[in-house]
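What follows is the residue order along each chain.
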Amino acid sequence: MINWPNFVSQLFNGLALGALLALISSGLTIIYGTLGVLNLAHGAMFMIGGYAGYLTYSYTGSFVLAVIGGSLFVMLLGIAMERIIIRHFYHRPHEDQLLVTFGLGICFVEIIRLAFGSQSQMVPPPAMLQGITSLGFLFYPTYRLAVVGIVAVALGGLFLVLYRTRLGMIVRAGIEDSVMVDSLGINVYRVFMIVFGIGAMAAGFAGIVNAPVVSLTPGVGDDILVQTFVVVVIGGVGSFPGAILGGLIAGEIISITSMFNPGYAYVMLFVAMTLVLVLRPHGLLGTQGRE
Amino acid sequence: MLTKRRYLIEILTAAALIAAPFVLPLLGFAPNTVNRILVWGLFGLGFDILFGFTGLLSFGQSAFYGTGGFVAAYLLTRAGFPNVILALIIGMIAAAATGYLIGLIALRRTGIYFAMITVAIAEVFFFVEFNPLSDFTGGENGLPGVPTPSIDLGFAALHFTTGWSLYQFIAFCYFLGVVIALRIVRSPVGAIFSAIRDNPLRATAVGHNIHGYKLTAFVIAAAYAGFAGGLLGVLQAFMPPDAFMFDTSGQLVMQTAIGGRGTLFGPLVGAAVWLSLQDFLQAALGLGAAWKLVLGVVFVLLVCFLRRGIIGGLVDLYGLLTGQRTAKEPEESEPQPEIGSEIAAAPMPAPHRPDDRPSGPILQAKGLTKRYGGLLANSDIDFTVNHGELRGIIGPNGAGKSTFFKMLTCEVHPTSGSITFEGRDITGMNVTDVCQLGLTKSYQVNQLFAGLTVRENLVIAALSGLRGKFKLDLFRSIESIPGLAERVEHTLALVNLTRRTDTPVAELAYGEKRRLEIGLALATSPSLLLLDEPLAGMSPRERVETVKLLKSISQGRTMIIIDHDMDALFELAERVTVLQEGRVLVEGTPEEIKNNSTVQEAYLGGVHGVLAA
């Protein structure tokens, strides 16, 4: 019936995917929580992170530099996007914010398609993380194991920034009540810019870390964006711990269902989301009253 | 704009559709392109009702487009179903039924949650179509061989095959779609749709079951999508699997925003721009794959600078050119007829039960307590108001007055205690039901339908009393509802806004907005009216007028007023309740309250002590 080594390796796949989703969703959720803007271009940020890393890699041959390059580029892109366009939308209805970020996402995807073409690109994992590792009972690709570790470190870093720094305190206060933070004499708009940059960077970082696992195409962010939404709905909008919990749940659901029939992965994900919506409409770790 | 002249829009649409085959070829449109534009336009009619009129932005319409399309195509190709038109209708019904089920889930949340859920739904449908259901849908091959329609009239048979011949059929469907959409938009349900878009909170508070209406809009959009999906199969003689793709939903959203939301014809204009730009960029300029980038940039610029899309921009331009917008109506400061004299003469709207003039308590609250975490906002309040009474409530800031009101109208549920209204226990009911029973409130901070005119605002409030909280009179003209016009006119006269009837709310002066706020509550014809600081922020002159207004509306009505203006309140109210720190401090006639030492203490704080020292 069930092939146990296969099942365990799928559990690991789910963990790797879940960790990535957790990181991307954290980015989405802190941007939404602080700025009140749902960034539909977040999937494109993920994709651009991969391509910027790929470009860095093809010039330098260093995976570490690729990760740094990809993340920094997306952070700068996020900041530019916030400065030039998003900030004009803070006082416009949610629908307009959705429309404009949706349009920007399409522009980003099409620019990459023009520049790199539609065929897929590969970024090889660093030499020391290539090959497979024996876990005693099964062999598992080393890099995928490493992804879990790398993402865990990144999430830890994000946690430290959010919960242990002055900036993080302001961001968390802003999630609760940005008007109040503004009237305390803190320049909320500067914080917004930084948060947008950090949130985008989370997606970009995930994009380049994921590039050796799944080959890069201009559309690679689209599916991720949808999965991220499910994660955020399950975990609760604006909740950092919720994004991590939701990410892990979604990752495992996708992986385990795929073992039986990949066609049902989304269906199961959707069933989980529906259950959460029915039983806990504000998400597993979300707070009431946030829309 | 949509209602000025009866049937004008329908006639113009018909004329344009008839003229199109003669004019459009001259502009270089191929019949196939025109047909595709019409299918998108029909798809968009439903979507515009959902997004433009009701304010629900769904990124999941491809699910219903695909469902309708594949059900119709499956019937016609695999199941040997002979009648194309009937198959299209069955597809539409299937899509509407799917829309109902999905709507039950997606509409549990609003705003961005709703958008995210619809994205996820669309993606699920795409995967289901490709995988588990590929035996029925042909998977990535789609369903080829969808036949074209023909109608047997007995004496002659009409075959719609391709090109301009098929155009006749599709154009007729589009025309029907427009006629139906216009009726819906002009119906009471359509008015409530715009109310939900502008201010869902108030739409609920004036007694409409907005969840039911949102679900209605969602199902309508799904039905349009399903029918358009079926037409797509007919048009291409092939049902393509990419109908289910997220890109389909995205393109629909973008076309609607480009053309102009809330205009019904926006999606059609958007589709025309989209498809002709696509042809132009690809063929004429040889841009190849870059066309989508250009369209993406155009879209972003339009969202940034032309909020209401191309049609909205044209309407504004027309307004500028003809100078309609510059000719402003008289401002508040201009002399106005005295309030009071004429109003006193006006007949009062019938209270809920005019036959018996009941006495005794209309509202009783017992042991009402509200706790927010550690904060006790209201504690053990006992409160009774009799029929016909005008009660005032005063208390320092933070005394829990607004929380108390919110509990009475069931916006907030008490932690403990009970509320009885006209002999019925309403504890735990919702705002909508309580408003339907005849208890409503005017808000401390204006809660108006900001995008609508004064009349439209009052119509929405009056409809709830006349139609109940939920009714699907989708095809009924709003003018044909008996008693509506009278009630609106009467309320207009009561709050002295008759001269501002067709002014958009955004152009009203503050005092006028304040009066409209009261008017919204009045138009629901409540037997008990709560007014939360009706005088807040008014100039002394406006206060005098509003006090007169309140006096006149209090005749034959029970009212409870919260305000800080004690002189006004003492003049109006028969009895006054003083709240302090969430408790009833004292209750009595204005004279008693004025001379009560505890009240003086509460308001003047330690001043007594300081003076004595």
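These figures come from a predicted structure and were not determined experimentally.

Conventions used here
- Each residue is numbered by its place in its chain's sequence as written, counting from 1.
- Chain A is the first chain written and ligand 1 is the first ligand written, with later ones labelled in order.
- Where local features are concerned, this predicted model is filtered to residues with pLDDT of at least 70; where side-chain atom pairs are given and counted, the filter is 80 or more; whole-chain, interface and lining totals use all residues.
- By definition, any uninterrupted DSSP run of H or I lasting at least four residues is a helix, any uninterrupted run of E lasting at least two residues is a strand, and each is numbered from the N terminus.
- Exposed residues have 12 or fewer other C-beta atoms within 10 Å of their own C-beta, buried residues have 20 or more, and partly exposed residues fall in between, where C-beta atoms are placed from the backbone.
- With C-beta atoms placed from the backbone, a contact is any residue pair whose C-beta atoms sit within 7 Å.
- Throughout, radius of gyration means the C-alpha value; the globule benchmark is 2.2 Å times the number of residues raised to the power 0.38.
- Pairing between strands is defined by DSSP: at least two bridges between them are needed.
- Handedness rule for crossovers: strands pointing away from the viewer, path from the first strand over the helix to the second running clockwise, crossover right-handed.
- Gly is placed with the polar residues, together with every amino acid not listed as nonpolar (Ala, Val, Leu, Ile, Met, Phe, Trp, Tyr, Cys and Pro) or charged (Asp, Glu, Lys and Arg).
- In this description, a line fitted to the C-alpha atoms serves as the axis of each element, helices being fitted only across the stretch in contact, and the angle between N-to-C directions of two axes falls anywhere from 0 to 180 degrees.
- Relative orientations are named as follows: roughly parallel for angles under 35 degrees, roughly antiparallel for angles over 145 degrees, roughly perpendicular for angles from 65 to 115 degrees, and oblique for any other angle.
- The handedness criterion is simple: a crossing whose near helix is rotated anticlockwise from the far helix by less than a right angle is left-handed, and one whose near helix is rotated clockwise is right-handed.
- Helices are assigned an expected span. That span is 1.5 Å times one less than the residue count.
- The domain boundaries here were taken from an automatic or database domain assignment.
- Under the definition applied here, buried Ala, Val, Leu, Ile, Met, Phe, Trp, Tyr and Cys residues are grouped into a nonpolar core through C-beta atoms within 7 Å.

Further remarks concern the overall build of chain B. Secondary structure assignment for chain B yields 25 helices and 14 strands. If you line up chain B on its principal axes, its C-alpha atoms span 95 × 55 × 55 Å. A buried classification covers 49% of the 613 residues belonging to chain B. A fraction of 75% describes how many contacts in chain B between residues 6 or more apart in sequence connect residues 24 or more apart.

Scanning chain A for helices and strands turns up 10 helices and two strands. Reading the secondary structure of chain A in the N-to-C direction produces α-α-α-α-β-β-α-α-α-α-α-α. Here the C-alpha radius of gyration of chain A, 19 Å, is about what a compact globule of 291 residues would show, namely 19 Å. The dimensions of chain A, computed from C-alpha atoms along their principal axes, are 60 × 50 × 35 Å. Of all 291 residues assigned to chain A, the portion counted as buried reaches 55%.

Next up on the list: the pairing of strand β12 (residues 558–562) of chain B. Walk down a regular strand and you will see the side chains alternate between the two sheet faces. Residue and element names in this part refer to chain B. With five of its five residues buried, β12 lies for the most part within the structure. Neither face of β12 is open: one carries T558, I560 and I562, the other M559 and I561, and all of them are buried. Pairing geometry for strand β7 (residues 390–394) and β12, over four bridges, is parallel. Bridge pairing links G392 to I561 in β12. In this fold, strand β11 (residues 528–532) hands off to helix α21 (residues 540–554), which returns the chain to β12; that crossover is right-handed.

Here we take up the interface of chain B and chain A. At the interface, 36 residues of chain B touch 35 residues of chain A. By residue number, the principal contributor to the side of chain B that touches chain A is helix α5 (residues 111–130) of chain B, which donates 14 residues. Here the side of chain B that touches chain A is composed, by residue class, of 26 nonpolar, five polar and five charged.

On to the sheet that holds β12 of chain B. All names here are of chain B. Read across the open sheet, the six strands follow the order β10-β11-β12-β7-β13-β14; overall the sheet is mixed. Strands at the two margins of the open sheet, each flanked by one partner only, are β10 (439–442) and β14 (583–588). With direction set aside, neighbouring strand axes in the sheet form an average angle of 20°. Its contacts with the sheet place helix α16 (residues 401–408) against β7, β10, β11, β12 and β13 (575–580), and it is angled at close to 150° to β11. Across the sheet, helix α20 (residues 510–523) is in contact with β10 and β11; its angle to β10 comes to roughly 175°.

Attention shifts here to the pairing of β10 of chain B. All names here are of chain B. The two faces of β10 match: L439 and K441 on one face and T440 and S442 on the other face are all buried. Across four bridges, the pairing between β10 and β11 is parallel. Across the sheet, the residue bridging to L439 is L528, located in β11.

Residue and element names in this part refer to chain A. The geometry of helix α6 (residues 166–183) relative to helix α7 (residues 188–210) is characterised by a closest axis approach of 10 Å and an angle of 130° between their N-to-C directions. Classified by the angle their axes make, α6 and α7 are oblique. Handedness of the crossing formed by α6 with α7: left-handed. Together, L167, I170, V171, G174, S178, V181 and D182 of α6 and V188, V191, I194 and V195 of α7 make up the contact between the two elements.

Quick look at the sheet that holds strand β8 (residues 416–421) of chain B now. Note on sheets: strands pair through backbone hydrogen bonds, and any given pair is parallel or antiparallel. Residue and element names in this part refer to chain B. The antiparallel open sheet is built from four strands, whose spatial order is β6-β5-β8-β9. Unpaired on one side and paired on the other, β6 (375–386) and β9 (424–425) mark the two borders of the sheet. Here β8 pairs with β9 via two bridges, running antiparallel. Of the residues in β9, the one forming a bridge with F421 is R424. Packing against the sheet, α16 makes contact with β5 (361–372), β6 and β8, and its axis sits at approximately 60° to β6.

With that settled, consider α5 of chain B. For α5 of chain B, spanning 20 residues, the distance from its first C-alpha to its last is 30 Å, which sits close to the expected 28 Å at 1.5 Å a residue. Here α5 of chain B lies mainly inside the structure; 18 of its 20 residues are buried.

This part is about the domain arrangement of chain B. Residues and elements named next belong to chain B. With domains assigned, chain B is organised as domain 1 (2–248) and domain 2 (361–604). Computed from C-alpha atoms alone, the centre-to-centre distance between domain 1 and domain 2 is 43 Å. With 23 residues of domain 1 at the contact, the number on the domain 2 side is 30 residues. Among the elements of the structure, α7 (163–186), α8 (188–198), α9 (200–205) and α10 (210–236) are those that each provide at least two residues to the side of domain 1 that touches domain 2. For the side of domain 1 that touches domain 2, the element with the most residues is α8, which contributes seven residues. Residue composition of the side of domain 1 that touches domain 2, grouped by class: 10 nonpolar, nine polar and four charged.

Residue and element names in this part refer to chain B. Counting residues in each nonpolar core, the largest one holds 283 residues, and the members touching the most others are L42, I49, A120, I170 and L231. The element best represented in this core is α10, accounting for 17 residues. Taken domain by domain, the makeup of this core includes at least three residues from each of domain 1 (2–248) and domain 2 (361–604). Among residues more than four places away in sequence, those in contact with L42 are C173, Y174, G177, Y224, F227, A228 and L231.

A separate point is the packing of helix α4 (residues 84–106) of chain B against α5 of chain B. The geometry of a pair of packed helices is captured by two quantities: the angle between their axes and the separation between those axes. All names here are of chain B. α5 packs onto α4 with a crossing angle of 135° between their chain directions and a minimal axis gap of 10 Å. Relative to α5, the element α4 lies oblique. Crossing handedness for the pair α4 and α5: right-handed. On α5, the residues that touch I102, I105 and A106 of α4 are F114, I117, T118 and I121. Among the residues forming the contact of α4 with α5, the class breakdown is six nonpolar, one polar and no charged.

Residue and element names in this part refer to chain B. Relative to the assigned elements, L45 resides in helix α2 (residues 31–53). Assessed through the 29 C-beta atoms surrounding it within 10 Å, L45 is described here as buried. Put simply, L45 and M559 are 514 residues apart on the chain and 44 Å apart in space, counted from C-alpha to C-alpha. Once residues lying within four places of it in the same chain are set aside, the contact partners of L45 are G177, V178, A181, Y224, L264 and P267.

All names here are of chain B. With a phi angle near 50°, D380 is a residue other than glycine that sits in the positive phi range. Here D380 is to be found in strand β6. The exposure class assigned to D380 is partly exposed, which follows from the 14 C-beta atoms found within 10 Å. The backbone phi angle of E422 is positive, close to 50°, even though this residue is not glycine. Position of E422 relative to the elements: it lies in the loop between β8 and β9. C-beta crowding within 10 Å serves as the criterion here: with 18 such atoms nearby, E422 is assigned to the partly exposed category.

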